Amino acid sequence: MKFNSKSKSLLAALAIALLLLPFVTEALLGRGWVRIVDFAMLYIMLALGLNIVVGLAGLLDLGYIAFFAVGAYCYALTGSPHLALAFPMAFPDGVHLSFWIVLPLAALVAGGFGVLLGAPTLRLRGDYLAIVTLGFGEIIRIFLNNLNAPINLTNGPQGIGRIDPVSVASVPLNITQNIFGIALPSVHLYFYLFLACTVLVILVSQRLERSRIGRAWMAIREDEIAAGAMGINTRNLKLLAFAMGAMFGGASGALFAGFQGFVSPESFSLMESIMVLCMVVLGGMGNIAGVILGGVLLAVLPEVLRHGVVPLQQALFGKTVVDPESLRMLLFGGALIVMMLYRPAGLLPSRVRRRELDTDEAAEKV
Amino acid sequence: MMHESNSTNSDFVIPAKAGIQSDQIAGFRVKPGMTNSNNALLQVSDLKVTYGGIQAVKGIDLHIAPGELVALIGSNGAGKTTTLKTLAGLLHPASGQIHYDGRNLHNVASHQRVAMGMALVPEGRGVFARLTVQENLQMGAYSRSEQHEIASDLARMYELFPHLAERKNQIAGTLSGGEQQMVAMARALMSRPRLLMLDEPSMGLAPLMVQKIFETIRDIAALGMSILLVEQNARLALQVARRGYVMESGSITLSGAASELLGSDAVQRAYLGG
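Residues numbered from 1 in each chain as written. Chains lettered and ligands numbered in written order. Predicted model: local features only at pLDDT ≥ 70, side-chain atom pairs only at ≥ 80, totals over all residues. Heavy atoms only, no water.

Draft legend 1. Molecular detail of the overall build of chain A. In terms of helices and strands, chain A carries 14 helices and six strands. Taken along its principal axes, the extent of the C-alpha atoms in chain A is 70 × 55 × 50 Å. Going through the 366 residues of chain A one by one, you find that 47% of them count as buried. Long-range contacts, defined as pairs at least 24 residues apart, comprise 71% of the intrachain contacts of chain A with a sequence gap of at least 6. With the model as given, the accessible surface of chain A reaches about 17500 Å², and the carbon-plus-sulfur share is 69%. Looking at charge distribution, chain A has the averaged site of its 25 positive side-chain charges lying 9 Å from that of its 21 negative ones. (Helix = DSSP H or I, 4+ residues; strand = E, 2+ residues; numbered from the N terminus. Buried < 20%, exposed > 50% of the residue type's maximum accessible area, 1.4 Å probe, protein only. Contact = heavy atoms within 4.5 Å. Areas by Shrake-Rupley, 256 points an atom, 1.4 Å probe, with all protein chains shown as cover. Lys, Arg positive; Asp, Glu negative; His and termini not counted. Charge placed at Lys NZ, Arg CZ, Asp CG, Glu CD.)

Dropping the structure here:
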């Protein structure tokens, strides 16, 4: 990539703004909001992963959160005392692998699950594929919910706690650290870790999109038969799309587990899959900047509501009339309907989607 | 170099009637009783394909010599497209043999067939509607890696289809049907095929455009390309082809020189409204 001096200085300004973001957020809104920003980063990574599957290869996946779950449980099992319950002889203290060993493993395992989902669904498209992937996501969640017997692998609905924090260069991120004389609380430390990971995910996404593989995915999305006739190995490339997307999901899952210190099946409900898909669709399918915007908006807006609606109602009526949680879904649904009516290609449509809509308009004029 | 295989031009009856041969072709021993295959680029014997529970192709034999333009004509539902898709590796035969360039294509995946020089222009054209004309053509060279040659081939395509040169940055989905057919053909040629398989290039096109497309097919054939042309428009197809096969409900009922087929009573009655 080449930058001219203007975009270079723009990039530098953006980098500085991002580095200062946790401090500014803390100063303006309090430390709780830094945590929300951290979660937004996780969602962005997830959405970018799903964007590969849905946006590039055109495979509608409604069970994407399952890969996030697989990654999270990978680290939960290999970075906590939990396995001591199931195998007291083998692991009297549980398993405590380094996060940096588990991270690639979690990505690989999730990628394997991606292939597992992709293989039987190779011939399915559109709504049929969506239903199978939806079922797959639920199967994973239900497995996690029930695998506490006969051997207690996942601890069932109680979830797995006391997960080791992520350490960078043997500096654990779960307590405040003094770095160069600046006190950095845990949420700040995780923010920088997630920021680095997100930047990496963005770069990989960008390279993928412009690669031979990315072009082949787009061809499959446009017309699978013609793509096959071009000499594209459609079977392998579809499996690769599932695996790649799942790897991103798995890696973010491991980060989530280390950040939270606790995982349970209820974090991986169908609603979460839909949420991530909405981020991709709302922002602009197939467009990396759009997907990031969608991720930020949908991760942050519910919190804005939660923190804004109650005080507002208190001030107006003296009591809380509508629970912000139910209002959230109402506004969320309304926003999506408005979006689809007025900006069907998303807030920042991809080049290709924009063209398609222009085409439709041109066709209507004819 | 055109080389007529021994029993094609004159015979005009059922296929698979050539004399016994036992030549060695690239290590493959031709079984006695198979059709002439000395120099065939594509040799199909007793191909049966089941599609959606019904036998769509019921044991057909056909062959194409290098540089030959062969038409496969027949009415709707005769099994022509199924045959073509099977040849391209998009469908799997129930039984029978396909040999391309002396190699048995059994277990050769469709993407490998493209790399071997077989290119399909699918029915309904199948252009990548949201990509530009140029991007479509570039996708055609997916199986190739030499960037310089791809670029020069791209320039050649714009010479062959000057109309597309004016529209290289236009979205393929916004082109007219005839232009899309040109994109599909140029895209297929970008893989540098030795055998071009065209599925119903005239489908849904205005008569003038059909003429234009068929002129281009003739031009491509004149460059020495082997072409298998599947068409419902029997007259046009037989006018440009050297030989033809007539397919009816999954079987080949007639074959022979295109000129003879054009003049035959059966073809006249069934397909040419004469």
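Draft legend 2. Broad picture of the layout of surface pockets. Approximately 1000 Å³ is the volume found for the largest pocket. Lining the largest pocket are 32 residues, with A:Arg123, A:Thr234, B:Gly89, B:Leu90 and B:His92 positioned closest to its centre. Only helix H9 (224-229) and helix H10 (234-260) of chain A together with strand S6 (95-100) and helix H2 (110-115) of chain B provide two or more residues apiece to the lining of the largest pocket. For the lining of the largest pocket, the element with the highest residue contribution is S6(B), accounting for four residues. (1 Å grid on protein atoms, 1.4 Å probe; cavity = no way out; pocket = protein on both sides within 12 Å on 5 of 7 lines; lining within 4 Å. Points joined across faces, edges and corners; volume = space filled by probe spheres on them.)

Draft legend 3. Broad picture of the pattern of salt bridges. One pass over the structure, following the stated rule, counts 14 salt bridges over all chains. A:Lys238 serves as the salt-bridge partner of A:Glu224, at 3.0 Å between the closest nitrogen and oxygen. Here the residue A:Glu224 occupies a position in helix H9, and A:Lys238 occupies one in helix H10, the gap between them amounting to 14 residues. A relative accessible area of 22% places A:Glu224 in the partly exposed class. Of the residues examined, A:Lys238 reaches a relative accessible area of 2% and is grouped as buried. Where salt bridges share partners, they join B:Arg144, B:Glu146, B:Glu149, B:Asp153, B:Arg156 and B:Arg192 into one cluster. (Salt bridge = Lys/Arg side-chain N within 4 Å of Asp/Glu carboxyl O.)

Draft legend 4. A look at the environment of A:Arg35. Residues and elements named next belong to chain A. Among the secondary structure elements, arginine 35 is positioned in helix H2 (residues 31-56). Overall, the relative accessible area of 33% leaves arginine 35 in the partly exposed class. Excluding residues that lie within four positions of it along the chain, arginine 35 makes contacts with Val187, Phe259 and Gln260. Reaching out from arginine 35, the side chain makes a polar contact with the side chain of glutamine 260 at a distance of 2.8 Å. (Polar contact = N/O pair within 3.5 Å; in protein donor to acceptor, adjacent residues only side chain to side chain.)

Draft legend 5. Spotlight on the interface of chain A and chain B. Between chain A and chain B, the contact holds 23 residues from the first and 22 residues from the second. Taken together, the two surfaces of chain A and chain B that pack against each other cover about 2100 Å², and 63% of this comes from carbon and sulfur. Here chain A and chain B share one salt bridge between them. Among the ionic pairs, A:Glu222 bridges to B:Arg130, the shortest N-O distance being 2.9 Å. Each residue belonging to the side of chain A that touches chain B can be placed in one class, and the counts come to 10 nonpolar, four polar and nine charged. (Buried area = accessible area lost by both parts, 1.4 Å probe. Nonpolar A, V, L, I, M, F, W, Y, C, P; charged D, E, K, R; others polar.)

Draft legend 6. Molecular detail of the sheet that holds S6(B). Residue and element names in this part refer to chain B. Pairing within the open sheet is antiparallel, and its four strands lie in the order S4-S3-S6-S7. Lying at the two open borders of the sheet, with one neighbouring strand each, are strand S4 (54-64) and strand S7 (103-104). Inspection of the sheet shows strand S3 (residues 42-51) paired to S6 by five bridges, in the antiparallel sense. Residue pairing across strands places valine 44 opposite isoleucine 98, the latter belonging to S6. Contacts between helix H1 (residues 80-88) and the sheet are confined to S3, S4 and S6, with S3 contributing the most and set at about 115° to the helix. (Pairing = 2+ DSSP bridges. Axes fitted to C-alpha atoms, helices over the stretch in contact; angles between N-to-C directions.)

Draft legend 7. Expanded view of the confidence of the model for chain B. All names here are of chain B. Here chain B averages 83 in pLDDT, while 85% of its residues score no lower than 70. Scored below 50 in pLDDT, residues 1-37 makes 77 contacts in the model with residues more than four places away or belonging to other chains. Overall fold confidence for the complex sits at a pTM of 0.83, while the interface term, ipTM, reaches 0.76. (pLDDT = per-residue confidence, 0-100.)

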